[in-house]
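# Working through the structure, step by step
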Amino acid sequence: GRSTGGVFACDRAPPRLPSHRPMVLEIARFQQEREALEAERDQVRSRLKEEEARCQGLDATIADLQLQLQQVRASKGTMPMQTAHTPDRPDELGELVRAHHEKQLALMATIEGLRGDLRRERARADVADRDRRAAQAEFADAMQQSATCVAHCGGADASASLSRTSYERKCQEARALEDE
């Protein structure tokens, strides 16, 4: 072919477009952070479900023990300490009464212990749920701030700094939750 000396547009090199690689890398990093936070959220939800199931089991145990206690109290009220045989000696009757009282006290202590366990588990589940919601809100705020900064500033430096700080804070929160 014939050369036209660069007169036509196809003879010139195409203009260089600005590189979007830093923004693509930043988006990929945010995606990784989001996936890590979602995995952490799923783990927290799983633990919460396990704790709720455990609490339900404790509720059922407490209900059973309360029913047993009511039955013991009802039988005590309707049957004036009659056993298969009537004790011949007064000290034998005292031993039976003492054994019955000890059994009642043990049941009551078990019920109170289970109630305390239930309260602690519910409090722990509430804290975990509150922490999960706070982490989600903070992540959404960080994503919004990062998007605003990238849109207005055009600087990957400010976005990277914000993202790094957010990521470090999330790591600290995850370690704190693991320690619990």
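Please refer to the structure placed before this passage.
Keep in mind that what you see is a predicted model, and the values were worked out from it rather than measured.

Let us now look at the overall build of the chain. Helix and strand counts for the chain come out as three helices and zero strands. What you see in the chain, going N to C, is helices and strands ordered as α-α-α. In the chain, the proportion of contacts linking residues at least 24 apart, taken out of those at least 6 apart, comes to 82%. Put simply, the chain shows about 13500 Å² of open surface, and 55% of that area lies on carbon and sulfur atoms.

In this section: the nonpolar core. Counting residues in hydrophobic clusters, the biggest one holds nine residues: Cys55, Leu58, Ile62, Leu65, Leu69, Leu107, Ile111, Leu114 and Leu118. Listing elements by their share of this core, those giving two or more residues are α1 (21-78) and α2 (90-153). Ranked by residues supplied to this core, first place goes to α1 with five residues. Beyond its immediate stretch of four places on either side in the chain, isoleucine 111 contacts Leu65, Gln66 and Leu69.

Before going further, it helps to spend a moment on the side chain of glutamate 121. Tracing the chain through its elements places glutamate 121 in helix α2. With relative accessibility at 6%, the residue glutamate 121 sits in the buried group. Residues in contact with glutamate 121, not counting those within four places in the same chain, are Glu51, Arg54 and Cys55.

A few words now on the pattern of salt bridges. Opposite charge on two side chains makes pairing possible when the charged atoms of those side chains draw close. Summed over the entire model, instances satisfying the criterion amount to 10 salt bridges. With its nearest N and O atoms 2.8 Å apart, the salt bridge here joins arginine 115 to glutamate 112. Residue arginine 115 and its partner glutamate 112 are both found in helix α2; the two are separated by three residues, about one turn of the helix. Residue classification places glutamate 112 among the partly exposed positions, given a relative accessible area of 43%. Between aspartate 129 and arginine 132 there is a salt bridge, with its nearest N and O atoms 2.4 Å apart. You can see aspartate 129 and its partner arginine 132 sitting in helix α2, three residues apart, about one turn around the helix. This pair shows no difference in class: aspartate 129 is buried, exactly as arginine 132 is. By sharing partners, the salt bridges in this structure join Arg54, Glu121 and Arg124 into a single network.

Right, let's talk about a negative patch on the surface for a bit. A cluster of acidic residues, Asp131, Glu178, Asp179 and Glu180, forms a negative patch at the surface. Position of glutamate 178 relative to the elements: it lies in helix α3 (residues 156-179). On the basis of relative accessible area, glutamate 178 is assigned to the exposed category, the value being 62%.

With that settled, the discussion passes to the side chain of glutamate 40. Here glutamate 40 shows up in helix α1. Despite its burial, glutamate 40 pairs with no opposite charge, the nearest such side chain being arginine 47 at 6.5 Å. Setting aside residues up to four positions removed in sequence, glutamate 40 forms contacts with Ala174 and Leu177.

Rules behind the numbers
Residues numbered from 1 in each chain as written. Predicted model: local features only at pLDDT ≥ 70, side-chain atom pairs only at ≥ 80, totals over all residues. Heavy atoms only, no water. Helix = DSSP H or I, 4+ residues; strand = E, 2+ residues; numbered from the N terminus. Contact = heavy atoms within 4.5 Å. Areas by Shrake-Rupley, 256 points an atom, 1.4 Å probe, with all protein chains shown as cover. Core = buried A, V, L, I, M, F, W, Y, C linked by side-chain atoms within 4.5 Å. Buried < 20%, exposed > 50% of the residue type's maximum accessible area, 1.4 Å probe, protein only. Salt bridge = Lys/Arg side-chain N within 4 Å of Asp/Glu carboxyl O. Patch = residues over 30% accessible without salt bridge, like charges linked within 9 Å, V, L, I, M, F, W, Y side chains within 5 Å. Lys, Arg positive; Asp, Glu negative; His and termini not counted. Charge placed at Lys NZ, Arg CZ, Asp CG, Glu CD.

Don't take any of this as a statement about function, it's just geometry.
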